[in-house]
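# Structure at a glance
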Amino acid sequence: MVIVSKAELEILRESGKNLAHILDTVAKEIRSGVSTLRLDERAEALIRESGGLPVFKGYKAYGSKGKFPASLCVSVNDEIVHGIPRADRILKEGDIVGLDIGMRHPAIGGLITDMAITVGVGGISLEAKKLIRATEESLELGIREARVGNHIGDIGHAVETRLKKDDFGVIRELVGHGVGRDLHEDPYIPNFGNIGEGEELKDGMVLALEPMATAGSPKIMIGKDGWTYQTKDGSLAAHFEHSIVITKDGPEILTRSQ
């Protein structure tokens with residue numbers, strides 16, 4: 001979306017700050033022995049307590065057989081995104097967990113913010129630490145390029161360059177996107193690209209940037225549940241995401257608790 005009023009921007013700021021606080025709270029509950037369903041239940045309760053609505057629950061994606069059944073996507077180890085929480089999916093020491101969450105604010109037509117992080121369960125491998133760090137840094141570098149007059153390709157180039165520096169796989173089929181009035185809006189934002197190519201970035205654009213990387217091959221597949229994307233070779237995957245707004249003074253991260 002493109003922001004057309006100060007009121008819309010303030011709603012997105014409030015929603016994004018609340019969402020970041022919710023995700024921070026849920027992430028602190030990750031430990032060995034916890035089910036992914038428990039994390040989802042906690043996330044939904046916190047969203048509703050804040051006055052928001054869980055935007056993922058009931059979402060129907062293009063090509064999916066049914067609606068997404070949860071408020072939080074919980075993707076473990078080789079799962080990249082859209083992992084469905086389950087009572088029998090119990091986290092264990094050494095796992096890495098991607099948490100992806102979206103919230104609709106009831107004011108002004110129900111504006112949406114969206115974000116994701118990847119965290120470890122207890123002690124994790126050096127490879128996992130390196131993958132998580134590189135993916136988070138690639139998001140930070142992509143955000144720096146989200147400036148008025150730059151292009152979609154500038155963002156993708158920054159993300160891709162950082163991930164390839166450590167020889168991590170750059171997933172090409174899954175991308176970032178516009179966000180705001182709907183969960184997925186134009187433009188789509190690949191995590192690869194060339195400087196100066198793609199749509200020009202303009203003041204007021206609200207975007208969800210979300211690098212996704214693998215420790216092995218970037219080839220992916222869809223799981224039996226019809227939702228969960230996994231690495232084809234079983235290698236670890238990491239995912240980070242922020243909703244941002246592009247301003248004349250540079251990019252502003254909406255999904256930050258501070």
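In short, a report on the structure. Since the model is a prediction, treat every value here as computed from it, not as a measurement.

## Details of the nonpolar core
Core analysis: the largest hydrophobic core is formed by 51 residues, its most contacted members being L39, L72, L99, I101 and L207. When sequence neighbours within four positions are dropped, the list of residues in contact with L99 reads L23, V26, A27, I30, L39, L72, C73, V74, M115, A116 and I117. If you look at the next biggest cluster of nonpolar residues, it comprises 20 residues, including F56, F68, V206 and A208.

## Points about unusual backbone geometry
Of note, the amide linkage connecting D186 to P187 takes the cis form, showing an omega dihedral of 0°. Examined against the element boundaries, P187 turns out to sit in strand β8 (residues 185-189). One non-glycine residue, H82, lies in positive phi territory at about 70°. By the element assignment, H82 lies in the loop between β3 (79-81) and β4 (96-104). A residue is classified by how much of its surface remains accessible, and H82, at 24% relative accessible area, is partly exposed.

## Quick word on helix α3 (residues 126-144)
Between its first and last C-alpha, α3 extends 27 Å over 19 residues, near the 27 Å set by a 1.5 Å rise per residue. For α3, the set of buried residues is A128, L131, I132, A134, T135, S138, L139, G142 and I143.

## Brief notes about the environment of Y188
For Y188, the position within the fold is in strand β8. Sequence spacing of Y188 and S75 is 113 residues, and the spatial spacing of their C-alpha atoms is 22 Å. Contact partners of Y188, with chain neighbours within four places excluded, come to I152, V175, G176 and H177.

## Some words on helix α2 (residues 36-49)
The end-to-end C-alpha separation of α2 is 20 Å, in line with the 20 Å expected for 14 residues at 1.5 Å each. Once α2 finishes, G51 follows within two positions and takes phi at roughly 95°, a positive value.

## Details of the sheet that holds strand β6 (residues 169-170)
Taken together, three strands build an open sheet; the order of strands is β6-β10-β13 and the sheet is antiparallel. Strands with a single pairing partner mark the edges of an open sheet, and in this sheet they are β6 and β13 (237-239). With three bridges connecting them, strand β10 (residues 212-214) and β13 associate as antiparallel partners. Bridge pairing links A213 to A238 in β13. Against the sheet, α3 contacts β10 and β13, and its axis sits at roughly 30° relative to β13.

## Focus on the packing of α3 against helix α4 (residues 152-165)
In contact at an axis separation of 8 Å, α3 and α4 are set at 155° when each is read in the N-to-C sense. It follows that α3 is roughly antiparallel to α4 by the angle criterion. Viewed along their axes, α3 and α4 form a crossing whose handedness is right-handed. Here A134, T135, E137, S138, L141 and G142 of α3 lie close against α4, whose contacting residues are I155, A158, V159, R162 and L163. Each residue belonging to the contact of α3 with α4 can be placed in one class, and the counts come to six nonpolar, three polar and two charged.

Parameters and conventions
- Residues numbered from 1 in each chain as written.
- Predicted model: local features only at pLDDT ≥ 70, side-chain atom pairs only at ≥ 80, totals over all residues.
- Heavy atoms only, no water.
- Core = buried A, V, L, I, M, F, W, Y, C linked by side-chain atoms within 4.5 Å.
- Buried < 20%, exposed > 50% of the residue type's maximum accessible area, 1.4 Å probe, protein only.
- Contact = heavy atoms within 4.5 Å.
- Helix = DSSP H or I, 4+ residues; strand = E, 2+ residues; numbered from the N terminus.
- Expected span 1.5 Å × (residues − 1).
- Pairing = 2+ DSSP bridges.
- Axes fitted to C-alpha atoms, helices over the stretch in contact; angles between N-to-C directions.
- Parallel < 35°, antiparallel > 145°, perpendicular 65-115°, else oblique.
- Left-handed = near helix turned anticlockwise from the far one by under 90°.
- Nonpolar A, V, L, I, M, F, W, Y, C, P; charged D, E, K, R; others polar.

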